[in-house]
Amino acid sequence: MSAGTLEPEGVKRMFDRIAPVYDVMNRVMTMGLDRKWRRLTVESVVQPGFRVLDACCGTGDLALAAEREGGIVTGLDFSAEMLVRARRKSETIEWVEGDALALPFPDGSFDAATVGFGVRNVADLEAGLTELRRVLRPGGRLAILEITQPRGPLKPFFSLWFDRIVPLLGRILPGGKAYTYLPASVRRFPGAEELAALVATTGFEDVSFRLFGGTIVALHTATAR
């Protein structure tokens, strides 16, 4: 865990453990801005009537935002405990326990796919992006919201926040010790430009990104070729 990498079963167990504090920690880590970022994410790719896959859905907040935007939403996650909490939030979204590297859906099943703070934990990022492309129709839209490596004058502040303060808060909350994994997982994850380049090699075009929160979060969007 100290290197920021875990085997898939280890990641699954980690998210099962942090499920009770996941929503609270999201609010704390982002100082409440995650709700706005999720809204901007779904607004960028979801239209009323779209069949939407929210992969790595966690406790379901991004899937709920997609449904409010008019989408017909399926939320998928491999953590059963996360899905327990997601199901409490909506009975109209279809919640599926499954693996982002082997999505249980036919080719071209969705008009849009979203991932919020999840691709960083996929064991094979390129394979995960390829799977998302497979289940999107040609012209389907992709949006990935993820923590990225900070830049600019605020970088020292964010390094202190994520390297020191967030793990400390995680230790205080039951099950939150797993948040000591977060800083290293961000450091090993591709930067915004690198992620955009990788998305472009996995069957997508019109790839772009925006930075939020003083450069600590990136929203990548793309269109399936």
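Our structure is the block above this text.
Residues numbered from 1 in each chain as written. Predicted model: local features only at pLDDT ≥ 70, side-chain atom pairs only at ≥ 80, totals over all residues. Heavy atoms only, no water.

Enquirer: So what about the side chain of glutamate 146? Which residues, and what values?
Expert: Note on placement: glutamate 146 falls in strand S5 (residues 136-147). Among the polar contacts made by the side chain of glutamate 146, one reaches the main-chain amide nitrogen of glycine 118 at a distance of 3.2 Å. Of the polar contacts made by the side chain of glutamate 146, one reaches the backbone nitrogen of valine 119; its length is 3.4 Å. (Helix = DSSP H or I, 4+ residues; strand = E, 2+ residues; numbered from the N terminus. Polar contact = N/O pair within 3.5 Å; in protein donor to acceptor, adjacent residues only side chain to side chain.)

Enquirer: Account for unusual backbone geometry, naming residues and giving values.
Expert: Excluding glycine, residues mostly have negative phi values, and the peptide bonds linking residues are mostly trans. Even without being glycine, methionine 31 reaches a positive phi, approximately 55 degrees. For phenylalanine 117, which is not glycine, the phi torsion reads 55 degrees and is therefore positive. Among the structural elements, phenylalanine 117 can be located in the loop between strand S4 (110-116) and helix H6 (125-135).

Enquirer: Explain the packing of helix H2 (residues 22-30) against helix H3 (residues 34-45) to me, using residue names and the numbers behind them.
Expert: Two elements in contact, H2 and H3, have axes separated by 9 Å at closest approach and are oriented at 95 degrees. Between H2 and H3, the angle falls in the class roughly perpendicular. Only Asp34, Arg35, Trp37 and Arg38 of H3 make contact with H2, whose side of the interface consists of Asn26, Arg27 and Thr30. (Axes fitted to C-alpha atoms, helices over the stretch in contact; angles between N-to-C directions. Parallel < 35°, antiparallel > 145°, perpendicular 65-115°, else oblique. Contact = heavy atoms within 4.5 Å.)

Enquirer: Let's hear about a nonpolar patch on the surface: which residues, and what values?
Expert: Taken together, the side chains of Met31, Leu154 and Phe157 make up a nonpolar region of the molecular surface, amounting to roughly 310 Å² of accessible area. Tracing the sequence through the fold places leucine 154 in the loop between S5 and helix H7 (155-172). For leucine 154, a relative accessible area of 44% puts it in the partly exposed group. (Patch = residues over 30% accessible without salt bridge, like charges linked within 9 Å, V, L, I, M, F, W, Y side chains within 5 Å. Areas by Shrake-Rupley, 256 points an atom, 1.4 Å probe, with all protein chains shown as cover. Salt bridge = Lys/Arg side-chain N within 4 Å of Asp/Glu carboxyl O. Buried < 20%, exposed > 50% of the residue type's maximum accessible area, 1.4 Å probe, protein only.)

Enquirer: Account for helix H1 (residues 8-18), with residues named and values stated.
Expert: Taken together, the buried positions of H1 are occupied by Gly10, Val11, Met14, Phe15 and Ile18. Projection of H1 onto a plane perpendicular to its axis shows the buried side chains occupying an angular sector of 130 degrees, all on one side. Buried residues belonging to H1 abut H2 and helix H5 (80-89). (Arc of directions from axis to C-beta.)

Enquirer: Would you mind going over the sheet that holds strand S6 (residues 204-212) in detail, with residue names and values included?
Expert: Pairing is mixed in the open sheet, where seven strands are placed in the order S3-S2-S1-S4-S5-S7-S6. Each edge of the open sheet carries a strand with a single partner, namely strand S3 (94-97) and S6. In this sheet, neighbouring strand axes are inclined to one another by 15 degrees on average, regardless of whether the strands run parallel or antiparallel. Taken together, the five bridges between strand S1 (residues 51-55) and strand S2 (residues 72-77) define a ladder with parallel strand orientation. Bridged to alanine 55 within S2 is leucine 76. The strands that H5 touches are S2 and S3; relative to S3, the one it contacts most, it runs at about 170 degrees. (Pairing = 2+ DSSP bridges.)

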